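Coordinate analysis (summary)
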Amino acid sequence: MKQLDQVRDTFNRDQVWRFLQPRPKPNELDLSHGAILYLESISVSFDGFKAIDDLNLYIDAGELRCIIGPNGAGKTTMMDIITGKTRPDTGSAYFGQRIDLLQMTEPEIAQLGIGRKFQKPTVFEHHSVFENLELAMDSDKRVWPTLFAKLSDEQRSRIEEVMEIIGLQKQSSQLSGSLSHGQKQWLEIGMLLMQNPLLLLVDEPVAGMTHQEMDRTAELLTSLAGRHSVVVVEHDMDFVRSIARKVTVLHQGSVLAEGSMDEVQNDPRVIEVYLGE
Amino acid sequence: MLLTRILKNDLGGQLLLIALLITTVTVALLNLAVPEGHALHISTYTVTLLGKYLTYGLLAIAVDLVWGYLGILSLGHGAFFALGGYAMGMYLMRQIGDRGVYGNPDLPDFMVFLNWQELPWFWLGFDMFWFAAIMIMLVPGLLAFVFGWLAFRSRVTGVYLSIITQALTYALMLAFFRNEMGFGGNNGLTDFKDILGFDLQADSTRVGLFVASALALALGYLSCRYVMNSRLGRVAVAIRDAEDRTRFIGYRVEHVKLWIFTFSAILAGIAGALYVPQVGIINPGEFSPLNSIELVVWVAVGGRATLFGAVIGAIAVNYGKTYFTAAIPELWLFALGALFILVTVLLPRGVVGLLQQLKRKQT
Ligand SMILES: Nc1ncnc2c1ncn2[C@@H]1O[C@H](COP(=O)(O)OP(=O)(O)OP(=O)(O)O)[C@@H](O)[C@H]1O
Ligand SMILES: [Mg+2]
């Protein structure tokens, strides 16, 4: 199917062939219309089951957006699409005005400046906290430069700075496999910070955290907004209320409601499918 | 200094290289300087046997690099070893010149026997050592590169990848068995006379090859350790433990796998090239799928992802094999199978893991 589309594309006479178009670089990200991410009429089905159904979503540059929705609403699948893990059946996904995410591989998307924290925390268990952060660090990630890479003083202090933010200085040389669940969550957030992405996708950051840790996470995420765009998926309503400016409710793979927390909470359809449970 | 930097924090590696140095010097001296018949004399047979073990050690490092650190269970590394061996064998065949049974100065004996009139194009250049030396690395490297490019790009992993590596070495074995391939069919290449002008039967040449194998093992070890100490090495382990996650922080997993796999194949090729002049023959049996499985057992016995463990495993298992196949040959395969099961169940981290555990208990 993909090949067929490519052939069709080649015969499209109103545009330059795709392979002749210059690949935009991340610093050329075109934010002239204010939005950093455009998802338009995206659908995806797994064995006939529509996980995402005609989804439209726009994220503004510098915005902090919360996404809520019952289990199986398609929140994680949406992140899979943005980061190139899952290819949608139809629809389009653009990063800025010009960068077509659907044409890119996972590492390319990561290099563009889209970072992701997974729902199930996945850190590199046989590496120390320090090494995990080092690996995630924004740097030339091709094979040869990686082979000869040396940590500069600047980079080292950046790693130490992030370890302080996530409160894991003491565990610096501890293997990350031996961290607690909450600490792993923090380490993943730290890895996200090291990538210095333009857009952060954060899937259930506070699962398994204590109230204190939650407060710190909330503080961190709100402080990131502005310089970065942040999309947070979370089930914990108190947490969402504490950080939310604009909330999007997903239900059965499409947007059910969008607005401030109060508006959304008082929307009868939302109450019916989600909050009323 | 580079050497101290590479071996920093690598006690096993330091011990291995020191042991290697001492053994090499002692064995060479006891063979060449101590007269035959003296109690301390080491026979040339033993020197060659040890040299063979050392090439196996290098091969085991190559396997450990991709299996232990990168998580690719290659069951076809014997193919790269054999290809390096064939490249060396072709050079040695050309060195025979007109001293073959048929006395033909232009063609190896088996081609005369098959009534071939001229040398096939792919044998051209193999009368020069430098050309053969390049081919020893280029042929296995290129095969690994093309194979890896196809396999990793389509994201074949796990058991499926292991199976196609087995298929690869099996296919090569069948091909090399055929006379019309031009590599001597099932007899392979043998009856070598000399290498770089030195008589292969001479004690000094045997010792020379033994020392060269030790040197290759040491350099191979150091270069692998260098790669694994680098950030690329940490990326490799990251790929082994969480491949997808590595992609999402921006590494091109396929490229990393491809380069390390190719590098490993080149090491295996060099090991094969040093093996052939010592054992005096290379035939399609070296491609047998069973050989490649045996390599994995060596690494499992020694301990994965340690590099020096692979060397220990290779030498220990082969010492056992030499002993077994002389005493009770029909039991060797059973012993190998039993060993593999025992190690997997009782010593998942191999001999090295056991030693580390004992050390920890003491302190
Ligand atoms: N790879 C897949 N194959 C088949 N079905 C899938 C796959 N990924 C997701 N699904 C299905 O798609 C639906 C949406 O899943 P998704 O993980 O996006 O939900 P979610 O909103 O993140 O839910 P949760 O709050 O439980 O994390 C679910 O019904 C899930 O079973
Ligand atoms: Mg989810």
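The coordinates are above.
Residues numbered from 1 in each chain as written. Chains lettered and ligands numbered in written order. Predicted model: local features only at pLDDT ≥ 70, side-chain atom pairs only at ≥ 80, totals over all residues. Heavy atoms only, no water.

Let us look at the coordination of the magnesium ion (ligand 2). All names here are of chain A. On the protein side, the magnesium ion (ligand 2) has Thr76 (OG1) and Gln119 (OE1) as donor atoms, found 1.9 to 2.2 Å from it. Highlighted residues: Thr76 in helix H2 (residues 75-82) and Gln119 in the loop between strand S6 (114-117) and helix H4 (129-136), separated in sequence by 43 residues. When its relative accessible area of 36% is taken as the criterion, Gln119 is described as partly exposed. (Donors = N, O, S within 2.8 Å, 3.2 Å for Na, K, Ca; no water. Helix = DSSP H or I, 4+ residues; strand = E, 2+ residues; numbered from the N terminus. Buried < 20%, exposed > 50% of the residue type's maximum accessible area, 1.4 Å probe, protein only.)

How big an interface is tends to be stated in terms of accessible area lost as the parts join. Contacts between the two partners involve 32 residues from chain A and, on the opposite side, 25 residues from chain B. Across the chain A/chain B interface, buried area totals approximately 2800 Å², and carbon plus sulfur atoms make up 63% of it. Counting the surface chain A buries against chain B, the share from its top three residues, Phe124, Val143 and Leu147 of chain A, is 21%. Put simply, chain A and chain B have five salt bridges between them. Note that Arg231 of chain B is salt-bridged to Glu134 of chain A, the shortest N-O span being 3.1 Å. (Contact = heavy atoms within 4.5 Å. Buried area = accessible area lost by both parts, 1.4 Å probe. Salt bridge = Lys/Arg side-chain N within 4 Å of Asp/Glu carboxyl O.)

For the rest of this paragraph, the subject is the sheet that holds strand S5 (residues 99-100) of chain A. All names here are of chain A. Strand order in the open sheet made by the four strands is S2-S1-S4-S5, with antiparallel pairing throughout. Each edge of the open sheet is held by one strand with a lone partner, namely strand S2 (49-60) and S5. Two strands pair when backbone bridges link them, and strand S1 (residues 35-46) and strand S4 (residues 90-95) are joined in this way by five bridges, in the antiparallel orientation. Residue pairing across strands places Tyr38 opposite Tyr94, the latter belonging to S4. Where H2 meets the sheet, it contacts S1 and S2, and its direction lies at approximately 115 degrees from that of S1. (Pairing = 2+ DSSP bridges. Axes fitted to C-alpha atoms, helices over the stretch in contact; angles between N-to-C directions.)

Further remarks concern the nonpolar core. By size, the foremost hydrophobic cluster in this structure holds 168 residues, and its most contacted members are Leu133, Leu187 and Val232 of chain A together with Trp123, Leu189 and Phe287 of chain B. Take this core: its biggest share by element is 15 residues, from helix H3 (residues 44-69) of chain B. Ranked by size, the runner-up nonpolar core spans 31 residues in total, among them Leu39, Ala51, Leu102 and Val231 of chain A. (Core = buried A, V, L, I, M, F, W, Y, C linked by side-chain atoms within 4.5 Å.)

Residue and element names in this part refer to chain B. Following the criterion strictly, the structure yields 26 aromatic pairs over all chains and no others. Each ring, one from Tyr56 and one from Trp298, has its centre 4.9 Å from the other, and the planes form 55 degrees; the classification is tilted. A residue pair is termed long-range when its members are at least 10 positions apart, and Tyr56 in helix H3 and Trp298 in helix H12 (residues 289-302) qualify at 242 residues. No difference in accessibility class separates Tyr56 from Trp298, as the two residues are buried. Seen in terms of ring centroids, Tyr86 and Phe183 are 5.9 Å apart; in terms of plane orientation they differ by 75 degrees. Their pairing is edge-to-face. (Phe/Tyr/Trp six-rings, centres within 6.5 Å; stacked < 30°, edge-to-face > 60°.)

Residue and element names in this part refer to chain A. Spatially, six strands are ordered S6-S7-S8-S3-S9-S10 in an open sheet, and the strand pairing comes out mixed. Taken across any chain shown, the strands that pair with only one partner, and hence form the sheet edges, are S6 and strand S10 (254-259). Neighbouring strand axes in the sheet, compared pairwise and without regard to direction, differ in orientation by 20 degrees on average. The pairing of strand S3 (residues 64-68) with strand S9 (residues 246-251) spans four bridges and is classified as parallel. Across the sheet, residue Arg65 finds its bridge partner in S9, namely Lys246. Taken strand by strand, helix H7 (residues 181-195) contacts S6 and strand S7 (199-203), and its axis lies near 175 degrees from that of S6.

Across all of its chains, the model carries 26 salt bridges over all chains by this definition. The partner of Lys246 of chain A in a salt bridge is Glu258 of chain A, and the shortest N-O contact between them spans 4.0 Å. Here Glu258 of chain A lies in strand S10 and Lys246 of chain A lies in strand S9, a separation of twelve residues in the sequence. Within this structure, Glu106 of chain A together with Arg155, Glu243, Asp244, Arg247, Glu254 and Lys257 of chain B form a network of salt bridges that share partners.

Quick look at the site of ligand 1 now. Residues and elements named next belong to chain A. Around ligand 1, the surrounding shell holds 13 residues, and the nearest of these are Asn71, Lys75, Thr76, Thr77 and His235. At 2.8 Å, a side-chain N or O of Asn71 approaches an oxygen atom of ligand 1. Burial of ligand 1 by the protein amounts to 63% of the accessible area it has alone, namely 640 Å². Breaking the shell around ligand 1 down by element, the ones donating at least two residues are S2 and H2. Ranked by residues supplied to the shell around ligand 1, first place goes to H2 with three residues. Here the residues of the shell around ligand 1 sort into four nonpolar, seven polar and two charged. (Near = heavy atom within 4 Å. Polar contact = N/O pair within 3.5 Å; in protein donor to acceptor, adjacent residues only side chain to side chain. Areas by Shrake-Rupley, 256 points an atom, 1.4 Å probe, with all protein chains shown as cover. Nonpolar A, V, L, I, M, F, W, Y, C, P; charged D, E, K, R; others polar.)

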